[in-house]
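Here is what each chain is made of, one letter per residue.
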Amino acid sequence: MKIAIQMDHISTIHIKGDTTFALALEAQRRGHELFHYTPDRLSMLNGEVTARIEALKVRDEENNYYELGEAKRTPLQEMDVVLLRQDPPFDMNYITTTHILERIMDKTLVVNDPNWVRNSPEKLFVTEFPDLMPETLITRDAEEVNAFRSEFGDIIIKPLYGNGGAGVFLLKKDDKNLGSLLEMFNELYPEAFVVQRYLKDVSAGDKRIILIDGEAVGAINRVAASTDARSNMHIGGRAEKTELTRRDLEICERIGPSLKKRGLLLVGIDVIGNYMTEINVTSPTGIRELKRFGGADAAKIFWDHVENKLKG
């Protein structure tokens, strides 16, 4: 197969924990041709979608992990697969790329499906399953936030379209900074933001569960540093081995049909205690850590599914 990866430039990634890199390694191991391009190299002229792509070779060696060929303007319909893997922010630029990539889907498999990536924002999609998640308010109205806090006490406030733990705040029920924080959010973000009941179970970790084609394949636990309320690994959280509980499987069974129906082949959900907090569909991570802790090789499972889809 010819596989193009739309991603942040490969020179910026950290391969030890990068899911896109793991997918590229496995695709290359299977003999597929890899190509690389960044979103700013995506174009559409008279309905034809092209990108200036570079042949890509990867190796699992720190500081020597990729080679890129010469950039060549190429119709993306010549590719068998396009992986939509650039990181958020999920802004209008991101949304524009999903509109453009939709134009090639009659001949090229785009993963995840760009229409459903666009229409399944991670902190909004999860609200379709209110009984599986903690109490959550989406608003810009300060009075609503104050009422929510009065009812639930400790709360988490985070941007609606943020990622990687950026802009996530824990406010205790007696914290006097709520007013200032809301002022800052209203200045920084044009959208509503997320207010969520704080889950004390987060002290035991924030579980990342990987689903492929709607089925759970494994999980890792992410534990925050003692000085931070956030467990994201790139800001100091550590990964631990974990198992899927009965509740985890119940959550996955509930959401699996929706993921499958939407063509969301690779998804990562976040679970704290008994509650799901996010459904990550843009560029979910965690598969390298899953394999490192002796779990499933999710990259192999992923490409098995892709190859079967192309066989029809």
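Residues numbered from 1 in each chain as written. Predicted model: local features only at pLDDT ≥ 70, side-chain atom pairs only at ≥ 80, totals over all residues. Heavy atoms only, no water.

To keep it simple, the criterion reads: UniProt positions are given in the numbering used here, feature names are shortened, and annotations may be inferred rather than shown by experiment.
The name given to the protein chain in an unreviewed UniProt entry is Glutathione synthetase, and the organism recorded there is Bartonella apihabitans. The protein chain has a UniProt comment under Pathway (unreviewed entry) that states "Sulfur metabolism; glutathione biosynthesis; glutathione from L-cysteine and L-glutamate: step 2/2." Per its UniProt entry, the protein chain bears the Catalytic activity (unreviewed entry) comment "gamma-L-glutamyl-L-cysteine + glycine + ATP = glutathione + ADP + phosphate + H(+)".

1. Examining a nonpolar patch on the surface
The test is simple: Patch membership requires over 30% relative accessible area and the absence of a salt bridge. Like charges are linked within 9 Å, and nonpolar side chains (Val, Leu, Ile, Met, Phe, Trp, Tyr) within 5 Å. What sets the accessible areas is the Shrake-Rupley method with a 1.4 Å probe; for residues, cover comes only from the shown protein chains. One side-chain nitrogen of Lys or Arg within 4 Å of one carboxyl oxygen of Asp or Glu is enough to make a salt bridge. Helix and strand definitions here come from DSSP, where helices need a minimum of 4 consecutive H or I residues and strands a minimum of 2 consecutive E residues; each element is numbered from the N-terminal end. Burial here depends on accessible area, computed with a 1.4 Å probe over protein chains only, as a share of the maximum for the residue type. Under 20% is buried, over 50% is exposed, and the range in between is partly exposed.
Together, Phe169, Met184 and Leu188 make up a nonpolar patch on the protein surface, roughly 260 Å² of accessible area in all. Among the structural elements, Leu188 can be located in helix α6 (residues 178–188). The exposure class of Leu188 is exposed, given its relative accessible area of 53%.

2. A short note on the sheet that holds strand β16 (residues 266–272)
Paired through backbone hydrogen bonds, the strands of a sheet run either parallel or antiparallel to each other. Using the following cut-off: Strand pairing requires that DSSP identify at least two bridges connecting the strands. Whenever a helix is involved, its axis is fitted only over the stretch in contact; in every case the axis is a line through C-alpha atoms, and angles between N-to-C directions fall within 0 to 180 degrees.
Strand order in the open sheet formed by five strands is β15-β14-β13-β16-β17, with antiparallel pairing between adjacent strands. The outermost strands of the open sheet, each flanked by one partner alone, are β15 (238–241) and β17 (275–280). Between one strand axis and the next, the sheet turns through 30 degrees on average, direction left out of account.

3. Quick look at the side chain of Asn280
Short version of the rule: Any pair of nitrogen or oxygen atoms within 3.5 Å is treated as a polar contact; in protein, a donor-acceptor pairing is required on top of that, and neighbouring residues in sequence qualify only through side-chain atoms on both sides. The contact rule is simple, with two residues in contact once any of their heavy atoms fall within 4.5 Å.
Along the polypeptide, Asn280 turns up in strand β17. Here Asn280 falls in the buried class, since its relative accessible area comes to 8%. At 3.4 Å, the side chain of Asn280 and the side chain of Asp270 are in polar contact. If sequence neighbours within four positions are ignored, Asn280 has contacts with Glu122, Arg208, Leu266, Val267, Gly268, Ile269 and Asp270.

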